[in-house]
Amino acid sequence: KASMPPEIRIRVELMVENLERSLGLPNFLQESETAEHYISWVISLPWDKRTPDNLDLKRAGQVLEKNHYGMGKVKERVMEYISVLNLTKDQARKESSLLCFTGLPGLGKTSVAASIAESLGRQFVRIPFGGLGEVSQIRGLPRYLPSSEPGQIIKGLRRAGCLNPVILLDEIDRVAETARGAIMGALLELLDPEQNATFSDYFVDYPFSLSEVLFICTANNTRGIANAVLDRLEVIDMPSYTDEEKIAIGKNYLFPKVSRFTGLSPNQVIIEESLWPKIIRPLGYDAGIRTLERTIDGICRKVARKVVEGKGTKFILNEGNIKEFLPTW
């Protein structure tokens, strides 16, 4: 009953017939395991399944504003992309350029990609490239080899359950030096619209179309990216956050989220306005917001402990008691 290309269906039926003929022979167990592993993969791939795009510009803007503060250039580019989709949704269209967010760690590159998927109503898949040391992790291993399995792209499509997810290729500049050439070659095939319609995973051993996937890349910088790959990317630099931006992010985004995750109600902990400059710089300047999030998390944990120990139900943090709540490293 599974939907699959005719060539794959013929291959699977032949594998089943061969198993029937080898039933009772010494090599039956090994062959059955190999066949079952392959068949279970190809029948579960989304050969013809898609999710409908949500192309409502107003909703997309609301999603981006809800999840991110500032980032005007990034939001503008996403809105342009959705606008073009609105005008070309009934045509076969290939993106001429793919987004690549670059910048220091902690600036929100990964979370922006997730918000793009949310705004489009698409499934989101993240594939980490940091430390990737073998091209087989992208292309897979042939099914007749021991421990054979598909690569991360096919695995991601199976998790998404559709042909048109947003796939984030995270930290493409940080692959292992020993495999950089081969991995960049595979990346070129993934990102080039002229090639990715017939992407070949060595395990599946049949062309799989990635033409409907929206690929997004991230990198700390572009020095580790091959020129041929870089030529197919639209690089968007994400600047470091200013102190004013960090205060706004801390107050309006991180603090409500972290307090909720630690089980605190909105009125159980109040931070006076004058304290935020001290909270955003407990250890000096940091380009991103990860240190800020850890600091707010530490504050909320200390409040949660006091609530559980019965030392109060509401805490107002001010100049006199802030040192008691700031985490120490």
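Attention here is on the structure that accompanies the text.

Right, let's get into the environment of Gly 24. In this structure, Gly 24 sits in the loop between helix H1 (6-22) and helix H2 (28-42). For the pair formed by Gly 24 and Ile 183, sequence separation is 159 residues and the distance between their alpha carbons is 43 Å.

Phe 129, Leu 169, Leu 190 and Leu 191 are the most contacted members of the largest nonpolar core, which has 49 residues in total. Of all the secondary-structure elements, those providing two or more residues to this core are H1, H2, strand S1 (98-102), strand S2 (124-128), helix H7 (152-160), strand S3 (166-170), helix H8 (180-191) and strand S6 (214-219). Per-element tally for this core: the top contributor is H8, with six residues. Counting residues in each nonpolar core, the second largest holds 48 residues, with Leu 120, Leu 168, Leu 264 and Cys 300 among its members.

It is worth spelling out the sheet that holds S2 at this point. Taken together, the five strands give an open sheet; going across it, the order is S2-S3-S6-S1-S7, and neighbouring strands pair in parallel fashion. Either end of the sheet is taken by a strand with one partner, and the two such strands are S2 and strand S7 (233-237). Each adjacent strand pair in this sheet contributes to an overall mean axis angle of 25°, direction not counted.

Helix packing geometry: the angle between the two helix axes and the distance between the axes. Direction vectors running N to C along helix H3 (residues 57-67) and helix H5 (residues 109-120) enclose 150°, while the axes themselves pass 9 Å from each other. Classed by the angle they form, the pair H3 and H5 counts as roughly antiparallel. Helix-helix and strand crossings are classified by hand; for H3 and H5 the assignment is right-handed. When H3 is examined against H5, the residues Arg 59, Ala 60, Val 63, Leu 64, Lys 66 and Asn 67 are found in contact with a partner set consisting of Ser 115, Glu 118 and Ser 119. A per-class count over the contact of H3 with H5 returns three nonpolar, three polar and three charged.

A few words on unusual backbone geometry. Positive phi values are uncommon outside glycine, yet Met 71 reaches one of about 55°. Along the chain, the position of Met 71 falls in the loop between H3 and helix H4 (72-88). A positive phi angle, close to 60°, is found at Glu 171, a residue other than glycine. Looking at where Glu 171 falls in the secondary structure, it is placed in the loop between S3 and H8.

All right, on to the pattern of salt bridges then. For side chains bearing opposite charge, pairing can occur when the charged atoms are close. In the structure shown here, the tally under the stated rule is 20 salt bridges. Salt-bridge contacts for Asp 205 lead to Arg 11; the nearest nitrogen and oxygen are separated by 3.9 Å. With a gap of 194 residues between them, Asp 205 in the loop between strand S4 (199-200) and strand S5 (207-208) and Arg 11 in helix H1 connect regions that are remote in the sequence. Via salt bridges that share partners, Arg 11, Arg 143 and Asp 205 belong to a single interconnected network.

Quick notes on the rules
Residues numbered from 1 in each chain as written. Predicted model: local features only at pLDDT ≥ 70, side-chain atom pairs only at ≥ 80, totals over all residues. Heavy atoms only, no water. Helix = DSSP H or I, 4+ residues; strand = E, 2+ residues; numbered from the N terminus. Core = buried A, V, L, I, M, F, W, Y, C linked by side-chain atoms within 4.5 Å. Buried < 20%, exposed > 50% of the residue type's maximum accessible area, 1.4 Å probe, protein only. Pairing = 2+ DSSP bridges. Axes fitted to C-alpha atoms, helices over the stretch in contact; angles between N-to-C directions. Parallel < 35°, antiparallel > 145°, perpendicular 65-115°, else oblique. Left-handed = near helix turned anticlockwise from the far one by under 90°. Contact = heavy atoms within 4.5 Å. Nonpolar A, V, L, I, M, F, W, Y, C, P; charged D, E, K, R; others polar. Salt bridge = Lys/Arg side-chain N within 4 Å of Asp/Glu carboxyl O.

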